[in-house]
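Examining the three-dimensional arrangement
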Amino acid sequence: MNPRFPWPDERLIKAAQDGDVTSLTTVVMESQPHVRKFALSLCASPQDAEDAAQEALIILYRKIGTLRATGALASWMFRIVRNECLRHLRLLVARSDEASDGPETSAEPSAEDAVLRRLEAERIAAAVGALPRDQRQVLIMRDVQGLPGRTVAHALGLSNAAMKSRLHRARAALRHSLAAPDHVIDRPVGEES
């Protein structure tokens, strides 16, 4: 916990849950630095982080009454921010899919194809979201947003060589993550498939 910006105490959170507007405003203001820090570490870009932080604070303001334990505010806010960052990433992936579809794919996909495509997009978004922040940023800027390498390197304050190295590591980690079979985790150790 950052002593400079402590999380709101439980009495304040309880008062906010009970409808005290002053307490609620204080809870939101005291949570803001932590929420922004979460968002910057989880989201692909500073713009997405800002959007996710704002959305998370709005959710906090509107739904603090649904928080079960006053001591769980930090973990609740972390989950909200993570979900918002993943939502932004899914939207980015969906937009890039739409842009690459072109006019030749005017036929409507079947419902099954649409579901499979959505599941695959969610799987990719989760894998990208699990990358370390530095790798996630360069991968999204270069491969999803399609920015030139020099622009990405400049935006992140890297040399071209460092950007290419980070991008290579990000792509390799993403390939490894997507190649791992999901069902292996559920199988007991030592059991053959």
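Just so you know, these numbers come straight off a predicted model, no measurement behind them.

**Things to note about the nonpolar core**
Nonpolar side chains in soluble globular proteins tend to end up buried together. Within the largest apolar cluster, 27 residues are counted, with the highest numbers of intra-cluster contacts made by Val-27, Leu-60, Leu-73, Met-77 and Val-81. Counting residues in hydrophobic clusters, the runner-up holds 18 residues, among them Leu-131, Val-138, Ile-140 and Met-141.

**Some words on the packing of helix H6 (residues 133-144) against helix H8 (residues 160-179)**
Packing of H6 against H8 brings their axes to within 8 Å, and their N-to-C directions diverge by 95°. The angle between the axes of H6 and H8 places the two elements in the roughly perpendicular class. In this structure, H6 contributes Asp-134, Gln-135, Val-138, Leu-139, Arg-142 and Asp-143 to the contact, and H8 contributes Met-163, Arg-166, Leu-167, Arg-169, Ala-170, Arg-171, Ala-173 and Leu-174. Here the residues of the contact of H6 with H8 are counted per class, giving seven nonpolar, one polar and six charged.

**Things to note about the environment of Leu-139**
You can see Leu-139 is positioned in helix H6. For Leu-139, a relative accessible area of 4% translates into the label buried. Here the alpha-carbon distance between Leu-139 and Leu-167, two residues 28 residues apart in the chain, equals 5.8 Å.

**Comments concerning the confidence of the model for the protein**
Taken as a whole, the protein shows an average pLDDT of 80; of its residues, 84% reach a score of 70 or greater. Mean pLDDT per element in the protein: helix H5 (residues 111-129) is the minimum at 76, and helix H1 (residues 10-17) is the maximum at 91.

**Focus: the packing of H6 against helix H7 (residues 149-156)**
Remark: H6 packs on H7, axes separated minimally by 9 Å, with the N-to-C direction vectors making an angle of 145°. Taken as a pair, H6 and H7 cross one another with a handedness that is right-handed. Touching Gln-137, Val-138, Met-141 and Arg-142 of H6 are Gly-149, Val-152, Ala-155 and Leu-156, all from H7. Residue classes in the contact of H6 with H7 are distributed as five nonpolar, two polar and one charged.

**Quick word on the side chain of Glu-84**
The residue Glu-84 is located in helix H4 (residues 73-101) in this model. One polar contact links Glu-84 to Arg-87, side chain to side chain, over a distance of 2.9 Å. Once you skip the residues sitting within four places of it in the chain, Glu-84 turns out to touch Ala-52, Glu-55 and Ile-59.

**Observations concerning the packing of aromatic side chains**
Aromatic rings considered in pairs are described by the distance between their centres and by the relative angle of their planes. What the rule picks out here adds up to two aromatic pairs. Both rings, one in Trp-7 and one in Phe-38, keep their centres 6.2 Å apart while their planes meet at 35°; by these two values the pair is tilted. Taken together, the residues Trp-7 in the segment before H1 and Phe-38 in helix H2 (residues 21-42) connect sequence positions 31 residues apart. Trp-7 gets classed as buried once you look at its relative accessible area, which sits at 18%. An angle of 90° between the planes, with centres 5.1 Å apart, marks the rings of Phe-38 and Phe-78 as edge-to-face. With Phe-38 in helix H2 and Phe-78 in helix H4, this pair connects stretches of sequence that are 40 residues apart. Three or more aromatic residues link up through ring pairs in this structure, and these residues are Trp-7, Phe-38 and Phe-78.

**Description of H8**
Relative to the 28 Å expected for 20 residues at 1.5 Å per residue, H8 spans 28 Å between its end C-alpha atoms, a close match to the ideal helical length. Within H8 the residues assigned to the buried category are Met-163, Arg-166, Leu-167, Ala-170 and Leu-174. Viewed along the axis of H8, the buried residues span an arc of 100°, placing them on a single side of the element. Residues of H8 that are exposed and angled more than 90 degrees away from the buried face: Ala-161, Lys-164, His-168, Arg-175, His-176 and Ala-179.

**Describing a nonpolar patch on the surface**
Side chains of Val-115, Leu-116 and Leu-119 sit close together on the surface and give an oily, nonpolar patch of about 250 Å² of accessible area. By secondary structure assignment, the location of Leu-116 is in helix H5.

What counts and what doesn't
- Residues numbered from 1 in each chain as written.
- Predicted model: local features only at pLDDT ≥ 70, side-chain atom pairs only at ≥ 80, totals over all residues.
- Heavy atoms only, no water.
- Core = buried A, V, L, I, M, F, W, Y, C linked by side-chain atoms within 4.5 Å.
- Buried < 20%, exposed > 50% of the residue type's maximum accessible area, 1.4 Å probe, protein only.
- Axes fitted to C-alpha atoms, helices over the stretch in contact; angles between N-to-C directions.
- Helix = DSSP H or I, 4+ residues; strand = E, 2+ residues; numbered from the N terminus.
- Parallel < 35°, antiparallel > 145°, perpendicular 65-115°, else oblique.
- Contact = heavy atoms within 4.5 Å.
- Nonpolar A, V, L, I, M, F, W, Y, C, P; charged D, E, K, R; others polar.
- pLDDT = per-residue confidence, 0-100.
- Left-handed = near helix turned anticlockwise from the far one by under 90°.
- Polar contact = N/O pair within 3.5 Å; in protein donor to acceptor, adjacent residues only side chain to side chain.
- Phe/Tyr/Trp six-rings, centres within 6.5 Å; stacked < 30°, edge-to-face > 60°.
- Expected span 1.5 Å × (residues − 1).
- Arc of directions from axis to C-beta.
- Patch = residues over 30% accessible without salt bridge, like charges linked within 9 Å, V, L, I, M, F, W, Y side chains within 5 Å.
- Areas by Shrake-Rupley, 256 points an atom, 1.4 Å probe, with all protein chains shown as cover.
- Salt bridge = Lys/Arg side-chain N within 4 Å of Asp/Glu carboxyl O.

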